Amino acid sequence: MTKTGRGVSRKALDKLDLDAVTDTVADSRPAQLEKLMVVPGEVLDAIKEVFAGTRVAADHDLVGAVLEARRAVGQAWGRAGQATVEIGRALNALDERLHGREERARLKAGFEKLFPFSDPVASQFRRVAEAVDSGRFTASDLPGSYSAAYQLALLAKDELEEARRRGLVAPHTTRAAVLAFRRERSHAQSAMVDLKALIAEQRRLREQRRELLRKLVEMRQRAREIARLLA
């Protein structure tokens, strides 16, 4: 196995594991080695896929830089979920202190003069905090995006259970992923409603057919009776 410059050969990259790293990383790079040792294989595979054909995937320093950025973003993203709950709780606590429609209406009208976001966004924070405080999910489960967390908070109980089975109740989940899930569920429910309607219509048609056949038998019998009388 050979080293080229600061990096390793593509063949070595394809077999990137602890043994390969040990063979190719110089002793002066213990920090990079330690990082790679604790990184899941699928993350390294993703880096290779994303940076295929470039120097990045074959350079341990650059791979380390990607991993460090990923770690920092992941930590901040997790804190964002907790921040969403804290903001929502603070707003809900304020709402409880306000009395009457006028005070709440005044807050809504002048919200952006007091806070760094709009009242519609505040409503999303409130809804997420309510979902967490009611035990529907925990703050650690929340996506970093408040809008993604809000979309999860809108799910019904059975939908939330299915979303959890699919791994959507997690910090990495995006708003687009939850919206796609909601659309899928909506289409499935619509299909179920249509199916029930079709089954009911089929039952009605069968009953009507039986009734028409009964009347047809009676009409034929009467026709024969009339024919005998005329004869």
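Keep in mind the model is a prediction, meaning the values are calculated, not measured. (Residues numbered from 1 in each chain as written. Predicted model: local features only at pLDDT ≥ 70, side-chain atom pairs only at ≥ 80, totals over all residues. Heavy atoms only, no water.)

Considering the side chain of E159
Along the chain, E159 turns up in helix α10 (residues 157-165). The side chain of E159 sits in the buried core without any salt bridge; R185 is the nearest counter-charge, 4.4 Å away. Within the structure, E159 has its side chain in polar contact with the backbone nitrogen of A156 (distance 2.9 Å). (Helix = DSSP H or I, 4+ residues; strand = E, 2+ residues; numbered from the N terminus. Buried < 20%, exposed > 50% of the residue type's maximum accessible area, 1.4 Å probe, protein only. Lys, Arg positive; Asp, Glu negative; His and termini not counted. Salt bridge = Lys/Arg side-chain N within 4 Å of Asp/Glu carboxyl O. Polar contact = N/O pair within 3.5 Å; in protein donor to acceptor, adjacent residues only side chain to side chain.)

What about the side chain of T173?
With respect to the helices and strands, T173 occurs in the loop between α10 and α11 (175-230). For T173, a relative accessible area of 3% gives the class buried. Within the structure, the side chain of T173 is placed 2.5 Å from the backbone oxygen of L168, a separation counted as a polar contact. Ignoring sequence-local partners within four residues, the contact set of T173 consists of P143, A148, G167, L168 and V178. (Contact = heavy atoms within 4.5 Å.)

Notes on the confidence of the model for the protein
Confidence along the protein averages 79 in pLDDT terms, with 78% of residues attaining 70 or more. A low-confidence stretch, residues 1-8 (pLDDT under 50), is modelled with 17 contacts involving residues beyond four sequence positions or located in other chains. Confidence over residues 15-29 falls short of pLDDT 50; this stretch has 21 contacts with residues more than four positions distant or in other chains. (pLDDT = per-residue confidence, 0-100.)

What to know about the pattern of salt bridges
Under the criterion given, the structure shown has 11 salt bridges. E162 is paired through a salt bridge with R166; the nearest N and O atoms lie 2.9 Å apart. On the basis of relative accessible area, R166 is assigned to the partly exposed category, the value being 40%. The salt bridge involving E184 is made with R166; its shortest N-O contact spans 2.7 Å. Placement of the pair is E184 in helix α11 and R166 in the loop between α10 and α11, with a sequence separation of 18 residues. Several salt bridges share partner residues, and in doing so they unite E162, R165, R166 and E184 into one network.

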